[in-house]
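# Architecture and fold: a report
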Amino acid sequence: MKFREIDIRGLKESPVKLISDDWALLSAGKPGEWNTMTVSWGGVGELWGKDVVFAFVRPQRYTREFIEGSDMFSLSFFGGKYKKELSLCGSKSGRDTDKAELTGFAPVFDNGAVYIRQAELVLVCRKIAFFDLNPDGFIDESIESNYASGDYHRMYVGEIVKTLEKA
Ligand SMILES: Cc1cc2nc3c(=O)[nH]c(=O)nc-3n(C[C@H](O)[C@H](O)[C@H](O)COP(=O)(O)O)c2cc1C
């Protein structure tokens, strides 16, 4: 499957639908050492004069080790397809599973990033900042119920360096 580069401002779908309803794969690493996991929380927007994504990763995720070890990460979107495979990538850990073998998802390695060949849309990002969520900032008390084991997300900010659409 081939991709063509597009302008992020030309996205046809709502980013809220893309991430919340359709889900995405967050991937990082290099050939032989990469991992991917399903995400449905996050955002696309603007910060510090850059087009960015925000991704939220709990401390126990194996994928986080690859994001930490890399300057790049990606979000691959599937437009509502591959939900079964995305459920697997969101319930099994790459620590003890080969998710590519399990799902048939194929990695594409591209200038320090890895994304998924079957995707409809890919945001290739340069990691530019991270913030660990601090519950002192939770104004709505119900937010705390997402963290029964105190595993507050790390938010990664990625500058979108390339937006790819399935050609
Ligand atoms: C629909 C869905 C959305 C998810 N969203 C997130 C998320 O935004 N952040 C997160 O840390 N985990 C999220 N998860 C959980 C991880 O995908 C899951 O724990 C995965 O097995 C981690 O894999 P890893 O250990 O190989 O990194 C989600 C799971 C599913 C099924």
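Now for a quick tour of the structure. For every chain, the first residue of the written sequence is number 1, and numbering continues from 1 along that sequence. Two thresholds apply to this predicted model, a pLDDT of at least 70 for residue-level local features and 80 or more for giving and counting side-chain atom pairs, whereas whole-chain, interface and lining totals are computed over all residues.

## Here we look at the overall build of the protein
Of the regular secondary structure elements, the protein holds 4 helices and 10 strands. Radius of gyration means the value over C-alpha atoms here, while the globule rule gives 2.2 Å times the residue count to the 0.38 power. Expected size for 167 residues packed as a compact globule is a radius of gyration near 15 Å; at 15 Å, the protein falls within 12% of this value. Overall, the protein is about 45 × 40 × 30 Å in size when its C-alpha atoms are taken along their principal axes. Burial is judged by counting the other C-beta atoms within 10 Å of a residue's own C-beta: 20 or more makes it buried, 12 or fewer makes it exposed, and any count in between marks it as partly exposed, with every C-beta position built from the backbone. When each of the 167 residues of the protein is scored for burial, the buried share is 32%. The way it works is that DSSP assigns letters per residue, a run of H or I at least four long becomes a helix, a run of E at least two long becomes a strand, and they are numbered from the N terminus.

## So, the pairing of strand E9 (residues 121-132)
Where a strand is regular, its side chains alternate between the two sheet faces. Any two strands between which DSSP finds at least two bridges are classified as paired. Bridge count between strand E6 (residues 72-77) and E9: 6 bridges; the pairing is antiparallel. Each residue of the ladder has a partner; that of Leu 75, found in E9, is Leu 123. Bridge count for E9 against strand E10 (residues 154-166) is 11 bridges, and the pairing is antiparallel. Bridge assignment links Lys 127 to a residue of E10, and that residue is Gly 158.

## Focus on the site of the ligand
Being near a molecule or strand means, for a residue, that its C-beta atom, positioned from the backbone, comes within 6 Å of it. Around the ligand, a shell composed of 20 residues is seen, among which Tyr 62, Thr 63, Gly 90, Ser 93 and Gly 94 lie nearest. Among the elements of the structure, strand E3 (33-39), strand E5 (50-57) and helix H2 (62-68) are those that each provide at least two residues to the shell around the ligand. When residues in the shell around the ligand are grouped by element, the largest group, 4 residues, is from E3. Basically, the charged four are Asp, Glu, Lys and Arg, the nonpolar ten are Ala, Val, Leu, Ile, Met, Phe, Trp, Tyr, Cys and Pro, and anything else, Gly included, counts as polar. Partitioned by chemical class, the residues of the shell around the ligand number 7 nonpolar, 9 polar and 4 charged.

## Some thoughts on the pairing of E3
Here strand E2 (residues 24-30) pairs with E3 via 7 bridges, running antiparallel. Residue pairing across strands places Ala 24 opposite Val 39, the latter belonging to E3.

## Observations concerning unusual backbone geometry
A positive phi angle is found at Trp 48, which is not glycine, with a value near 55°. As for its placement among the helices and strands, Trp 48 is situated in the loop between strand E4 (42-47) and E5. We classify Trp 48 as exposed; it has 9 C-beta atoms within 10 Å.

## Focus: the environment of Pro 59
Structurally, Pro 59 can be placed in the loop between E5 and H2. Separated by 40 residues in sequence, Pro 59 and Ile 19 place their C-alpha atoms 20 Å apart.

## Regarding the nonpolar core
Counting residues in hydrophobic clusters, the biggest one holds 38 residues, and the most contacted among them are Ala 24, Leu 26, Phe 73 and Val 124. The greatest single-element share of this core, amounting to 5 residues, is contributed by E9. Whether two residues are in contact depends on their C-beta atoms, placed from the backbone: they are in contact if these lie within 7 Å. When residues no more than four places from it in sequence are discounted, the contact partners of Phe 73 are Leu 26, Ser 27, Ala 28, Ile 67, Ala 113, Cys 125, Lys 127, Tyr 156 and Gly 158. Linking buried Ala, Val, Leu, Ile, Met, Phe, Trp, Tyr and Cys residues through C-beta atoms within 7 Å yields a set, and such a set is a nonpolar core.

These values are about where atoms sit, not about what they do.
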